[in-house]
Amino acid sequence: MEAAVWAHGDQRSPAAQGAGTGERRAQEDVGGRDAQEPGVVLCMRKKALSPAHRRAFAHEVVGKVMCSQRAVCRILRLARSTFSYRGGPPTPAEEQLRKRLHELSVAHPRYGYRRIAALLRQEGWRVGKRHIQRLRRAEGLRVPPTKRKVIRRGLSTGLPTTATHRNHVWTWDFIADATVRGGALRILTILDEHTRECHVLRVDRALRAQDVLAWLQKAIEEQGAPEYLRSDNGSEFIAKIVQRWLAENHIKTIYIEPGSPWQNDFVESFHGRFRDECLNREQLWTLTEARVVIGDYRYEYNQRRPHSRLGYLSPARFAAQLSPSPAPVGLRPPSAGDGQNQNQKLT
């Protein structure tokens, strides 16, 4: 008997079922199709929550003559008084606020609405951040997007090449350090990728394109000219005077991709050994002391240090076993614009 009572009580009457359907219809999203208004469809991109959004949708529907004003207000559950609302002209206080808002936005173009609202409150205005956000949107004020920095790149005149003989490919780069007192040290490295000889290891407070070119000329006078010169896109290496001089002397350039130091692996490997064996072990107090210590390391590296890739020979002994490199031919003497005045400073 109890089972029969439960079975009978579990069945709903048609009236109750109809009421449930009405409740579900009332809970439907306002952006869907209303069952009582056939043929009226509102294709909303997002859910209309605020009265302003509903009023905008309602005006759009009425403007397209999709349905009447009464019907759209009933579908969107919008009061007809809200549909017909027209804002009055701004008061003098609102005009003054908008004027001050423009002034602060021009003075601080990178400030968003939160910081602008904070500045206004500090001046005594009783405003909230959402109020300022609405005003900025209405006035078309926004934080301009950050412009991506255009990375300057050098023009490679040669293809990526693996060194197969002496003076085939040279590579150059900078490494930074500091004295004990905090003075900056910038070190220029010029390396032969085949023999691993370090032709230049010059330290200074700063090195410009003219200085780089002057030391390259000195290395070429002593060792001969390379066929290729590999480097990153540093401003000293892609300077016009450097590229012009290299082109006139038929030395091809190989510039690696920005942010890809592994493409200049020989000099990066040398810098790792140089920092581990010299810079991290020595306390450099002055620039003069740094030049002496780094010069001694360059001599030790070239003449005595066994190199695993050279059969544990020093770079100088390995280079001596190779056929002598031809003397530089056809190199143009440096002009006044290419750093000739810098040669007087070389030691």
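Residues numbered from 1 in each chain as written. Predicted model: local features only at pLDDT ≥ 70, side-chain atom pairs only at ≥ 80, totals over all residues. Heavy atoms only, no water.

## Regarding the sheet that holds strand 3 (residues 198-204)
Part 1: Pairing within the open sheet is mixed, and its five strands lie in the order 3-2-1-4-5. The open sheet has two edge strands with one neighbour each: strand 3 and strand 5 (252-255). When strand polarity is set aside, the average angle formed by the axes of neighbouring strands in this sheet is 20°.
Part 2: The sheet contact formed by strand 1 (residues 169-178) and strand 2 (residues 184-192) spans nine bridges and is antiparallel. Counted as the bridge partner of D173 is T189 from strand 2. (Pairing = 2+ DSSP bridges. Helix = DSSP H or I, 4+ residues; strand = E, 2+ residues; numbered from the N terminus. Axes fitted to C-alpha atoms, helices over the stretch in contact; angles between N-to-C directions.)

## Focus on empty space enclosed by the protein
Part 1: If you walk through the whole model with that rule in mind, you get one cavity of 30 Å³ or more.
Part 2: Around the largest cavity, the lining residues are W172, L229, S231, F237, L246, T253, I254 and Y255.
Part 3: Within the residue set of the lining of the largest cavity, elements represented by two or more residues are strand 4 (228-231) and strand 5.
Part 4: It is strand 5 that contributes the most residues to the lining of the largest cavity, three residues altogether.
Part 5: By residue class, the composition of the lining of the largest cavity is six nonpolar, two polar and no charged. (1 Å grid on protein atoms, 1.4 Å probe; cavity = no way out; pocket = protein on both sides within 12 Å on 5 of 7 lines; lining within 4 Å. Points joined across faces, edges and corners; volume = space filled by probe spheres on them. Nonpolar A, V, L, I, M, F, W, Y, C, P; charged D, E, K, R; others polar.)

## Thoughts on the nonpolar core
Part 1: Counting 24 residues, the largest nonpolar core has W172, L188, L216 and V242 as its most contacted members.
Part 2: No other element matches helix 9 (residues 209-223), which puts seven residues into this core. (Core = buried A, V, L, I, M, F, W, Y, C linked by side-chain atoms within 4.5 Å. Buried < 20%, exposed > 50% of the residue type's maximum accessible area, 1.4 Å probe, protein only.)

## A word on the pairing of strand 1
Along any regular strand the residues' side chains alternate between the sheet's two faces.
Part 1: Of all ten residues that make up strand 1, eight are buried, and the element is covered over most of its length.
Part 2: In this sheet, strand 4 lies alongside strand 1 in parallel orientation, the contact comprising three bridges. Bridged to W170 within strand 4 is L229.
Part 3: In textbook terms, the turn of a hairpin is the stretch between consecutive antiparallel strands, and for strand 1 and strand 2 this stretch comprises five residues, one of which, G182, has a positive phi near 100°.

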